[in-house]
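The lines below spell out each chain.
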Amino acid sequence: MAFDEGLAQRIRDALRDRRGIVERRMFGGLAFMSHGHMSVGVVNDTLMARVGPEGYAAALRRPGARPMDFTGKPMKGFVYVTPEGIDSDAALDSWIVDCLAFTGSLPPK
């Protein structure tokens, strides 16, 4: 499985003080689970962000975002974000916060 270790480390650093975070290899890359729910991940050099169905349209308007089409068709509630869309730590942190807010609203697993 190929993924950008530098991006993975940036995500680890951003999640360092959060409880309930587990790394799992999935989607051909690395996913970060929050209390059992996939929140963010890395596929190649791209951020995989779970924003939920209600946040999906707004997420697609953000720089570098595009539909997550891992299965050949868009997965509603998930987006890919190019490296340009997460070039600063503030941009990456913003995505992580949004993803954790969504997965935090889900029932416990």
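Our structure is the block above this text.
Report on the accompanying structure. Residue numbers restart at each chain and count upward from 1, following the sequence in its written direction. Local features are withheld for residues below a pLDDT of 70 in this predicted model, meaning they are given only at 70 or higher, and side-chain atom pairs are given and counted only at 80 or more; totals for whole chains, interfaces and linings count all residues. No hydrogens and no water enter the side-chain calculation; it runs on all heavy atoms of the structure.

1. Concerning the overall build of the protein
Right, so step 1: The helix and strand labels rest on DSSP assignments: H or I over at least four residues marks a helix, E over at least two residues marks a strand, and numbering proceeds from the N terminus. Along the protein, the regular secondary structure elements total three helices and six strands.
Right, so step 2: When the helices and strands of the protein are listed from N to C terminus, the series reads α-β-β-β-β-α-β-β-α.
Right, so step 3: Atoms counted for the radius of gyration: C-alpha only. Globule rule: 2.2 Å times residue count to the power 0.38. Taking 13 Å as the expected radius of gyration for a compact globule of 109 residues, we find that the protein reaches 12 Å, a close match to that expectation.
Right, so step 4: In terms of overall dimensions, the protein has C-alpha extents of about 30 × 30 × 25 Å along its principal axes.
Right, so step 5: Here, residues are in contact when the closest pair of their heavy atoms is within 4.5 Å. Expressed as a percentage of contacts within the protein between residues at least 6 apart in sequence, the contacts between residues at least 24 apart total 51%.
Right, so step 6: Per element, the accessible surface of the protein, about 5,900 Å² overall, is 53% carbon and sulfur. Note on areas: Shrake-Rupley, 1.4 Å probe, and residue coverage restricted to the protein chains presented here.

2. As for a negative patch on the surface
Right, so step 1: For patches, a residue must show more than 30% relative accessible area and have no salt bridge; joins then use 9 Å for like charges and 5 Å for nonpolar side chains, namely Val, Leu, Ile, Met, Phe, Trp and Tyr. Salt bridges, as used here, are contacts in which a Lys or Arg side-chain nitrogen is within 4 Å of a carboxyl oxygen on Asp or Glu. The charge count includes Lys and Arg as positive and Asp and Glu as negative, but it does not include His or the ends of the chains. We put the charge of a Lys on NZ, of an Arg on CZ, of an Asp on CG and of a Glu on CD. Taken together, the side chains of Asp 4, Asp 45, Glu 84 and Asp 87 present a region of like negative charge at the surface.
Right, so step 2: Mapped onto the secondary structure, Asp 45 falls in the loop between strand S3 (37-43) and strand S4 (46-50).
Right, so step 3: Classification of Asp 45 by relative accessible area gives partly exposed; the value is 39%. Each residue's exposure class comes from its accessible area (1.4 Å probe, protein chains only) as a fraction of the maximum for that residue type: buried when under 20%, exposed when over 50%, partly exposed otherwise.

3. Side note on the pattern of salt bridges
Right, so step 1: Applying the stated criterion to the full structure yields six salt bridges.
Right, so step 2: The salt bridge partner of Arg 12 is Glu 5, with a shortest N-O separation of 2.5 Å.
Right, so step 3: When the shortest N-O distance is used, the salt bridge between Arg 62 and Asp 98 registers 2.6 Å. One end of the pair, Arg 62, is in the loop between helix H2 (56-60) and strand S5 (65-67); the other, Asp 98, is in helix H3 (residues 89-104), and 36 residues separate them in sequence.
Right, so step 4: Within this structure, Glu 5, Arg 12 and Glu 23 form a network of salt bridges that share partners.

4. Some words on the sheet that holds strand S2 (residues 29-34)
Right, so step 1: Being paired, for any two strands, means DSSP has found at least two bridges between them. A sheet is described by the order of its strands in space; here six strands give the open sequence S1-S2-S3-S4-S6-S5, paired in antiparallel fashion. Two strands in the sheet have a free side with no partner beyond their single neighbour: strand S1 (21-26) and S5. Each neighbouring strand pair of the sheet contributes to a mean axis angle of 25 degrees, computed without reference to strand direction.
Right, so step 2: Across four bridges, S4 lies against strand S6 (residues 78-81) in antiparallel orientation. Note that in S6 the partner of Ala 49 across the bridge is Val 79. Between the N-to-C directions of two axes lies an angle of 0 to 180 degrees, each axis being a line fitted to C-alpha atoms and, for a helix, fitted only over the stretch in contact.

5. A short note on helix H1 (residues 5-15)
Right, so step 1: Buried within H1 are the following residues: Leu 7, Ala 8, Ile 11 and Leu 15. Down the axis of H1, the sector holding all buried residues measures 100 degrees, keeping them to one side.
Right, so step 2: Each polar contact in these results corresponds to two N or O atoms within 3.5 Å; when the atoms are within protein, one needs to be able to donate a hydrogen and the other to accept it, and residues that are neighboring in sequence are counted only if both atoms are side-chain atoms. A distance of 2.7 Å separates the backbone nitrogen of Gly 6 from a side-chain oxygen at the start of H1, and that oxygen is part of Asp 4. Taken from the helix axis, the directions to the C-beta atoms give the arc we talk about.

6. So, the side chain of Thr 103
Right, so step 1: Looking at the secondary structure, you find Thr 103 in helix H3.
Right, so step 2: Here Leu 100 takes part through its backbone oxygen, which lies 3.5 Å from a polar atom of the side chain of Thr 103.

7. Remarks on unusual backbone geometry
Right, so step 1: For His 35, which is not a glycine, the phi torsion comes out positive at approximately 50 degrees.
Right, so step 2: Turning to its location among the elements, His 35 is positioned in the loop between S2 and S3.
Right, so step 3: Judged by relative accessible area, His 35 falls into the exposed class, the value being 53%.
Right, so step 4: Within the chain, Asn 44 stands out as a residue other than glycine whose phi angle is a positive 55 degrees.
Right, so step 5: Along the polypeptide, Asn 44 turns up in the loop between S3 and S4.

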